[in-house]
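Structural characterization, general
These are the residues of each chain, in order.
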Amino acid sequence: MGNVRSLSIKLDELTALMRLQRVYRESSLLCFTETWLHQDMTNSVVSVTGFTLVRADRSAAQSGKKKGGGLAVFVNDRWCNRNHITVKEQHCSKDIELVAVSFRPYYLPREFSHVLVVTVYIPPSADAAVACERVHSTVSQLQTQHPQALILISGDFNHACTPLSATLSNFTQLWRGSSSAISALSAFNTIQPSLLRRKLEVAGVDQHLVAWTINYLTDRPQFVRLRDCVSDVVVCSTGAPQGTVLSPFLFTLYTSDFTYDSHHCHLQKFSDDSAIVGCVSGGDEQEYRGVITDFVSWCEVNHLLLNTSKTKELILDFKRSSPSQSPVNIQGSDIEVVDTFKYLGVHLNNRLDWSNNTDALYRRGQSGIHLLRRLRSFGVCRQLLRTFYDTVVASVVLYGVVCWAGGSAGRSLKRLNKLVRKAGSVLGCTLESIEEVADRRMLAKLTSIMDNPSHPLHQTVEALTSSFSTRLLHPQCKKERYRRSFLPTAIRLYNTVSK
């Protein structure tokens, strides 16, 4: 399953994956959303050897949109005869695109009569309630008509993922994705070399390096090759080439001239992901909304297109009764207020209890341990198993542990420690617990902050230095939530070690 955003452009990559990687070559089904195919493009243009294509292109009349969208399902000919493939239902509207396909493969467990695959794309601007109702109606009808069939639902659900899980409560959810905070649309493709030149010159970059960079970005020939067919060459002088190490760095330089940092509000940027964090007291949102307005205006001047459909607002308010707040409006679109959000790989919620983050880590950790068991069953040596655990399982379960370990509830840590113990039993050794790893990494992070004057927390930690000993003064914590956060927890560990 994948959101390809133009299947025709990605066909060379897909063909190479089929040829070089067994997991793709032997897949029974490949489901894609946002294929961007239309009626003028025949199946031969996007065909893959050994696979039968079932497509459901977006209808401009039904969806109200001329471009984008579209669904495609590639069926492995070695899994199912193309004569045993039937489209049961196809639907297209502004809120949802759906296609239901029936398969009678060569082999299927006797408990199932056949397989039904429902591929869904719910646009970010869609009405989630309408989309969920449509999926529920289709699936219920299929269950009634085919009670012995195996039904699989796959797709890109965007913001409707959570309500859809509640609507289809009798289905098991195997994978879930989510979107980013303040998002720029095709960020690296919008860099204007002329504007970048001025920014580099103001920053004092050597003129020869500036000239080399601009030459690198301008007059770039581009073309598309599909087997023996080659398109016309187009010369591009906008944006930075995708997939290069230089592109994120150039984009960071391109956006470096807009910053904001005050006592109540600041702008946090990481490549093309940005977050505006504001502390609103007494109902005064003027500074917070003013920063948003200035940021939107700056983006327009610098030709950066904000993806308002993927921009979300997370409100943290721990009062028992909170007044309703008007939503933030960007370029005429009201920004959706959410209860949980994934930012830079960490799941945050409006309670700051890290429960959503624990659930996500636990699910991914279970998948990794399943693969670890499979490798052991194949007779892989213990050293390689440990390497696999460190790189695939531990890197996922312990991601951002410095941030969430101190503030997580005891039951959440027990769940994750259970995964660690399971991995240890597979490896035949004892592994460090979540708390042990967190303590070690917190101390290392605090030490690096103290040694790095350019770190944003360096001055905060330096102000807590004791004049009588090597210990650090513990910050005043009115709330237990703050006392269990990174800085106070790390300082307590540091003082314990310094005794």
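For the structure, check the block above.
Computed from a predicted model, the values in this text were never measured in an experiment.

**Considerations on helix H9 (residues 286-301)**
Helix length check: H9 (16 residues) gives 22 Å between terminal C-alpha atoms against 22 Å at 1.5 Å per residue, within 8%. All buried positions along H9 are accounted for by Tyr288, Val291, Ile292, Phe295, Val296, Trp298 and Cys299. Looking straight down H9, one finds that the buried residues subtend no more than 160° of arc, so they occupy a single side. Those residues of H9 that are exposed and angled more than 90 degrees off the buried face are Gln286 and Val301.

**Things to note about the pairing of strand S15 (residues 273-278)**
One face of the sheet, then the other: side chains in a regular strand alternate in exactly this way. Direction of pairing for strand S14 (residues 265-270) relative to S15: antiparallel, over a ladder of six bridges. Note that in S15 the partner of Lys269 across the bridge is Ser274. In textbook terms, the turn of a hairpin is the stretch between consecutive antiparallel strands, and for S14 and S15 this stretch comprises two residues, one of which, Ser271, has a positive phi near 55°.

**Quick look at the sheet that holds strand S1 (residues 2-3)**
Pairing is mixed in the open sheet, where four strands are placed in the order S1-S2-S4-S3. The two strands at the open ends of the sheet, each matched to only one other strand, are S1 and strand S3 (51-56). Here S1 pairs with strand S2 (residues 29-33) via two bridges, running parallel. Each bridged residue has a counterpart across the sheet, and for Gly2 the counterpart in S2 is Phe32.

**As for the side chain of His114**
With respect to the helices and strands, His114 occurs in the loop between strand S6 (97-103) and strand S7 (115-121). Since its relative accessible area comes to 4%, His114 is described here as buried. At 2.8 Å, the side chain of His114 forms a polar contact with the side chain of Ser113. Beyond its immediate chain neighbours, meaning those up to four positions away, His114 contacts Ser102, Phe103, Arg104, Leu108, His146, Ala149 and Leu150.

**Observations concerning a nonpolar patch on the surface**
A cluster of nonpolar side chains, namely Phe223, Val230 and Val233, defines an oily patch on the protein surface of about 290 Å² accessible area. Position of Val230 among the secondary structure elements: in strand S12 (residues 229-230).

**Regarding the pattern of salt bridges**
For the coordinates displayed, the defined rule picks out 14 salt bridges. Arg134 is the partner of Glu89 in a salt bridge, and the nearest nitrogen-oxygen pair spans 2.4 Å. Note that Glu89 is positioned in strand S5 (residues 85-92) and Arg134 in helix H4 (residues 128-145), a separation of 45 residues in sequence. Residue class for Glu89 comes out buried when judged on its relative accessible area of 15%. Since its relative accessible area comes to 28%, Arg134 is described here as partly exposed.

**Details of the sheet that holds strand S8 (residues 150-156)**
Pairing within the open sheet is mixed, and its four strands lie in the order S5-S6-S7-S8. Strand pairing shows two members of the sheet lacking a second neighbour, S5 and S8, which therefore form its edges. On average, each strand axis in the sheet is tilted by 15° relative to the strand beside it, whichever way the strands run. In this structure, S6 lies alongside S7, joined through seven bridges in antiparallel fashion. Counterpart to Ser102 in the pairing with S7 is Leu116. Relative to S5, H4 is tilted by about 155°, and along the sheet it contacts S5, S6, S7 and S8.

Scoring rules and cut-offs
- Sequence order sets the numbering: in each chain, residues are counted from 1 along the sequence as written.
- Owing to the predicted nature of the model, reporting of local features is limited to residues with pLDDT of at least 70; listing and counting of side-chain atom pairs is limited to 80 or more, with chain, interface and lining totals taken over all residues.
- Only hydrogens and water are set aside; all other atoms, that is, all heavy atoms of the structure, feed into the side-chain values.
- Numbering of helices and strands runs from the N terminus; a helix is a DSSP stretch of H or I covering at least four residues, while a strand is a stretch of E covering at least two.
- Multiplying 1.5 Å by the residue count of a helix minus one yields the expected span of that helix.
- Remark: exposure states derive from per-residue accessible area (1.4 Å probe, protein chains only) relative to the maximum for the residue type, with buried under 20%, exposed over 50%, and partly exposed in between.
- The arc refers to the directions leading from the helix axis to the C-beta atoms.
- In this description, strands pair whenever DSSP reports at least two bridges between them.
- The term polar contact refers here to a pair of N or O atoms within 3.5 Å; inside protein, the definition further demands a hydrogen-donor-capable atom paired with an acceptor-capable atom, and it admits residues adjacent in sequence only when both atoms are side-chain atoms.
- Contact definition: two residues touch when any of their heavy atoms are within 4.5 Å.
- Residues enter patches when their relative accessible area tops 30% and they take part in no salt bridge; the joining distance is 9 Å for like charges and 5 Å for the nonpolar side chains Val, Leu, Ile, Met, Phe, Trp and Tyr.
- For every accessible area listed, the method is Shrake-Rupley and the probe measures 1.4 Å; residues are considered covered only by the protein chains on display.
- When a carboxyl oxygen of Asp or Glu lies within 4 Å of a side-chain nitrogen of Lys or Arg, that pair is called a salt bridge.
- Angular values range over 0 to 180 degrees, each being the angle between N-to-C directions of two axes fitted as lines to C-alpha atoms, with helices fitted over their stretch in contact.

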